Amino acid sequence: MTYSILVVDDEESLRYTFRCFLEHQGYEVAIAANYEEALAALPAGFDLVFADIVLGGWTGVDLLREARLRGFDVPFVMVTGYPHIDTASEALRLGAYDYIPKPVKQETIVRVARMAIRHHLVSKEKDQYRSNLEAIFRSVKDAIVTVDRGMRLIACNAAATTLCGITKDRVEAQELFCPEDCQHQCLKLLEETLVKRQPIEGQRFVCRRQGQPDRIIAAATSPLLDQLEGFDGAVLVARDETRLDHLERRASGRRSHLSLVGGSAAMQRLYSLLEALSEVDTTVLITGESGTGKELAADALHRGGHRADKPFVAVNCAALPETLLESELFGHVKGAFTGALRDKEGRFQKADGGTIFLDEIGDISPAMQLRLLRVLQEKVFERVGDATPIRVDVRIVAATNRDLAQLVREGRFREDLYYRLKVVHLELPALRERKEDIPLLVEHFLGRLTARFERNPLTISQEALDTLMSHPWPGNVRELEHVLEHAAVICRGHVILSDHLPADLAPAVPASAAPRTVRVTDEAALIRDALVRAGGNKTKAAKLLGMSRRTIYRKLDEHGIFGDFK
Ligand SMILES: Nc1ncnc2c1ncn2[C@@H]1O[C@H](COP(=O)(O)OP(=O)(O)OP(=O)(O)O)[C@@H](O)[C@H]1O
């Protein structure tokens, strides 16, 4: 390939010398006698410019500056006499490749021309390579974050902003990579890589960032190597595998659905129903004992459907007195009552476009029942102290641990509202009815506790697990969660033992000692106890046990429990 060179000099003899030496080496040479001619020639495109520092009223540095301003990316070599050596070094600062002193020598001209052209080609190639890399960095869907040896952010791509919430200004400020609101798994991987200077291959974990849905993340880290200094930091590549995880679990009998954990048949049925109901706007009534996960189920309905990116607003209807509940739900205008100092938006308005979860619906007053009925029928309400109707698009999910049908029979709950609410009814199973889920729930909660207390992974001994398996769990999953938290606080090592469990949990009989007998005996004892507490009334006992009437009759039969029970 032939390279072309522009020689700019106001001395004809020098122009001639350059031309001879360079043409002899196979370069194409163009000549300019002054600043203006040089500027006029530049658009033809050259691989190198030799410019004299002194060019009539102008200088070679002026030419370089103007060439850069006009966007000509061509290397410059300045030619200078001794008195102008300072100007030459200024030219270097402006980006000139080199300068050669007068009188010029053939071998210097030829050597500098060859090196300047080669250097320019290599750096262009590097720029191209870098911009390709940057384009890839920007466009990949995986989050990429680099940190220096002190864990300060060096760079991140757009996907990292979305996935990890790392903003550009944090990178510019070289902040520490410390996502306070997630559970630090990424942080740990990076720290390990910085310490061991070894890559860590794909780890999967749940990422919990405040105000964000939980995500399943697959992450890997590698040391960053700098050619000059060697080890220079670490890079994290993280991928959102929530959907993949979801599909995998679905294909293999699911162990969880969004925040709900459990692989039992009852939970599989629940997951399928939740998925089917997520896509429609039907009002859903969720019942089940306290702590069975009614709020999590409502949340799953919301997050699994098209309203997921809109608000999910939960209201505990039993927590507020009637007047406050009314203004909380529907809002009020300034002066509507003493203390109403300004207008207030109600929860229904806050939930517009999303879902409102009305917990403990069985506890609301008759007046509130009537108002709610109207919202359900017409999707319209008025703020307290204002007659203007407000229309909202809100999906209503209600929950109760009370027997609403019984309340209707007793005249304490409006029948029309009951039927409006229970367009679809989801009954959450009590934990004692799905004890096979206990090991999975234990694993889930221990994982969360490990992350929360930032300690090494906790496990549980078989004996302690047996104890948990034989407990009747009147407080359901919430009780199990609290028991494990208690145990995690007391346990100093990595393994939770029976001794770490609260004293009021039933002592276990080792699983190896005829587990069937253990389970059956436990259940029979439980039923007898409930019957005694219910004064022999089977319906009441069934209620105490969280069983249906049909179930208790079947179980009485199975265990051969007869006697003076109604
Ligand atoms: N299937 C589950 N998987 C994981 N955690 C669960 C599950 N069910 C319940 N929990 C946990 O148990 C606790 C109680 O759950 P939640 O508040 O949803 O129950 P609830 O039925 O609405 O209770 P309440 O009737 O007392 O309001 C929460 O901390 C929740 O995270």
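Everything below is about the structure shown above.
All of the points below concern the structure found in this document. Because the structure is predicted, anything quoted here is derived from the model rather than measured.

In this section: the environment of Phe357. Relative to the assigned elements, Phe357 resides in strand S19 (residues 355-359). We classify Phe357 as buried; it has 27 C-beta atoms within 10 Å. Spatially, the C-alpha atom of Phe357 lies 6.2 Å from that of Ile396, the residues being 39 residues apart in sequence. Every residue in contact with Phe357, bar those within four places of it in the chain, is listed here: Glu295, Ala298, Phe312, Val313, Ala314, Val315, Val397 and Ala399.

Right, let's get into the nonpolar core. In this structure, Ile286 and Ile356 are the most contacted members of the largest nonpolar core, which totals 39 residues. When contributions to this core are tallied by element, the ones reaching two or more residues are helix H10 (265-278), strand S15 (284-287), helix H11 (294-303), strand S16 (312-316), helix H12 (322-330), S19, strand S22 (395-400) and helix H16 (415-421). Here this core takes five residues from H10, the largest share from any one element. Ignoring any residue separated from it by four or fewer positions in sequence, one finds Ile286 in contact with Lys294, Ala297, Ala298, Val397, Ala399, Leu426 and Leu428. Formed by 33 residues, the second largest nonpolar core is a distinct cluster that contains Val8, Tyr27, Leu64 and Ala116.

It is worth spelling out the packing of H10 against H11 at this point. Where H10 contacts H11, the axes come no closer than 8 Å and their chain directions differ by 45°. When the axis of H10 is compared with that of H11, the two are oblique. The two elements H10 and H11 cross, and the hand of that crossing is right-handed. Of H11, the residues touching H10 (which contributes Leu274, Leu277 and Ser278) are Ala297, Ala300 and Leu301. Broken down by class, the residue content of the contact of H10 with H11 amounts to five nonpolar, one polar and no charged.

Criteria and cut-off values
Residues numbered from 1 in each chain as written. Predicted model: local features only at pLDDT ≥ 70, side-chain atom pairs only at ≥ 80, totals over all residues. Helix = DSSP H or I, 4+ residues; strand = E, 2+ residues; numbered from the N terminus. Buried ≥ 20, exposed ≤ 12 C-beta atoms within 10 Å, placed from the backbone. Contact = placed C-beta atoms within 7 Å. Core = buried A, V, L, I, M, F, W, Y, C linked by C-beta atoms within 7 Å. Axes fitted to C-alpha atoms, helices over the stretch in contact; angles between N-to-C directions. Parallel < 35°, antiparallel > 145°, perpendicular 65-115°, else oblique. Left-handed = near helix turned anticlockwise from the far one by under 90°. Nonpolar A, V, L, I, M, F, W, Y, C, P; charged D, E, K, R; others polar.

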